[in-house]
Amino acid sequence: MSGVNKVIIVGRLGKDPEVRHLESGASVANFPVATSEVYKDRNTGERREQTEWHNVVLWRGLADIAEKYLNKGDMVYIEGKLRTRSWEKDGVTRYTTEIVGDNMTMLTPKAMSEGGGGGNTSAPSRSQETAPSQASADITVDDESDDLPF
């Protein structure tokens, strides 16, 4: 039996996506996403906020969309898998854990309105990579409300 490697985060970009175009023609985008949790301290009763930073990597079509429509501070939903990489620098082995995104939804209203009419975007299959991109179904977003169903 195989395991499950699935991650879902909803957070804000810490900086603009850095996009590289490889010799093979594939593009890759890297950017940090912050997720925050608010809770009340049991001892002091003070409101506390804990922020976690996640390194996100998007490939090909998703990287192109991130490059074109995402900016620092934008809210995104990312679905993907965890990947840990290692490399050696100055004789020291270093590690990083990243979220490799398979699906992205732009949740910031301005990004969605600039972004071709939709927010839900998933990685194209190999047969779709050469086809022109098509806009997703239109999504209406109420700018006044940040209510999420979860």
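Check the entry above for the structure.
Residues numbered from 1 in each chain as written. Predicted model: local features only at pLDDT ≥ 70, side-chain atom pairs only at ≥ 80, totals over all residues. Heavy atoms only, no water.

## Considerations on the pattern of salt bridges
Argument step 1. Evaluated as defined, the whole model comprises seven salt bridges.
Argument step 2. A salt bridge links K6 to E79; the shortest N-O distance between them is 2.7 Å. Here K6 is found in the segment before β1 (7–13), whereas its partner E79 is found in strand β5 (residues 75–89), with 73 residues between them in sequence.
Argument step 3. You can call K6 exposed: its relative accessible area is 53%.
Argument step 4. Residue E79 is classed as buried on the basis of its relative accessible area of 16%.
Argument step 5. For K81, the salt bridge identified is with D102, shortest N-O distance 3.8 Å. Residue K81 is located in strand β5, and its partner D102 is located in strand β6 (residues 92–106); the two are separated by 21 residues in the primary sequence.
Argument step 6. Judged by its relative accessible area of 36%, K81 falls in the partly exposed class.
Argument step 7. Residue D102 is classed as partly exposed on the basis of its relative accessible area of 36%.
Argument step 8. Salt bridges here are not isolated pairs; linked through shared partners, they connect D41, E46 and R48. (Salt bridge = Lys/Arg side-chain N within 4 Å of Asp/Glu carboxyl O. Helix = DSSP H or I, 4+ residues; strand = E, 2+ residues; numbered from the N terminus. Buried < 20%, exposed > 50% of the residue type's maximum accessible area, 1.4 Å probe, protein only.)

## Observations concerning the nonpolar core
A general feature of soluble globular proteins is that nonpolar side chains tend to end up buried together.
Argument step 1. Counting 18 residues, the largest nonpolar core has I9, F31, V56, L58, L70 and I78 as its most contacted members.
Argument step 2. For this core, the element with the highest residue contribution is helix α1 (residues 60–69), accounting for four residues.
Argument step 3. Beyond its immediate chain neighbours, meaning those up to four positions away, L58 contacts S27, V28, A29, F31, A63, A66, G101 and M104. (Core = buried A, V, L, I, M, F, W, Y, C linked by side-chain atoms within 4.5 Å. Contact = heavy atoms within 4.5 Å.)

## Digging into the environment of A34
Argument step 1. Within the secondary structure, A34 sits in strand β3 (residues 27–40).
Argument step 2. The sequence separation of A34 and E52 amounts to 18 residues, and the corresponding C-alpha distance is 5.7 Å.
Argument step 3. Apart from residues no more than four positions distant in its own chain, A34 is found in contact with G11, R12, T51, E52 and W53.

## Focus on unusual backbone geometry
Trans is the common state for peptide bonds, and a negative phi is the common state for residues other than glycine.
Argument step 1. Located in the positive-phi region is R60, a residue other than glycine, with phi close to 50°.
Argument step 2. Within the fold, R60 resides in helix α1.
Argument step 3. In this structure, D90 takes a positive phi of about 55° despite not being glycine.
Argument step 4. Within the secondary structure layout, D90 lies in the loop between β5 and β6.

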